[in-house]
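Coordinate analysis (summary)
The chain contents come next:
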Amino acid sequence: GSVVDNKQSLIHCVELVRLLLSTTQPRLLHFIPSPHPTPHPINLTMKQSFLLLGLVATASAFTSPAPRPVATSNTALFGGARGGATTLEGKKARVATVKE
């Protein structure tokens, strides 16, 4: 026979052994693997959790509010200036004081 026929025969034999063990020696049943493995429910739950986490992270990356700008002054105050307005006479007096 072909490989497919041999595989089907082997699956049938394993099913018969499992059926016989389940009725006579159920403790030994876990030593014979099932010919039709089913995904473990924990693995499915973990995969679903990772998928959901990835979707949430992607969505939050595009829907987060933009950061608010830091409030800054319109005038840069260099050299110890106070930012107050002065008169022309006050400026001339200050320049004269600095030149001395």
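Bear in mind the structure is a predicted one, so any value in this text is a computation, not a measurement. (Residues numbered from 1 in each chain as written. Predicted model: local features only at pLDDT ≥ 70, side-chain atom pairs only at ≥ 80, totals over all residues. Heavy atoms only, no water.)

1. Concerning the overall build of the protein
Across its full length, the protein carries three helices and zero strands. Of all 100 residues assigned to the protein, the portion counted as buried reaches 2%. (Helix = DSSP H or I, 4+ residues; strand = E, 2+ residues; numbered from the N terminus. Buried < 20%, exposed > 50% of the residue type's maximum accessible area, 1.4 Å probe, protein only.)

2. Things to note about the environment of T23
Along the chain, T23 turns up in helix 1 (residues 3-24). Residue class for T23 comes out exposed when judged on its relative accessible area of 59%. Within polar-contact distance, the side chain of T23 engages the backbone oxygen of L20 at 2.9 Å. (Polar contact = N/O pair within 3.5 Å; in protein donor to acceptor, adjacent residues only side chain to side chain.)

3. Details of the confidence of the model for the protein
Counting all residues, the mean pLDDT for the protein is 75, and 74% of those residues have values of 70 or more. Confidence, read as mean pLDDT per element, is least for helix 2 (residues 41-63) in the protein (78) and greatest for helix 3 (residues 88-99) (84). (pLDDT = per-residue confidence, 0-100.)

4. Brief notes about a nonpolar patch on the surface
A cluster of nonpolar side chains, contributed by M46, F50 and L53, occupies part of the molecular surface with about 350 Å² of accessible area. A residue is classified by how much of its surface remains accessible, and M46, at 43% relative accessible area, is partly exposed. (Patch = residues over 30% accessible without salt bridge, like charges linked within 9 Å, V, L, I, M, F, W, Y side chains within 5 Å. Areas by Shrake-Rupley, 256 points an atom, 1.4 Å probe, with all protein chains shown as cover. Salt bridge = Lys/Arg side-chain N within 4 Å of Asp/Glu carboxyl O.)

5. Let's talk about helix 3
Here helix 3 contains 12 residues, and its C-alpha end-to-end distance of 17 Å stays within 8% of the 16 Å for a straight helix at 1.5 Å per residue. Helix 3 sits mainly on the outside: zero of its 12 residues count as buried. (Expected span 1.5 Å × (residues − 1).)

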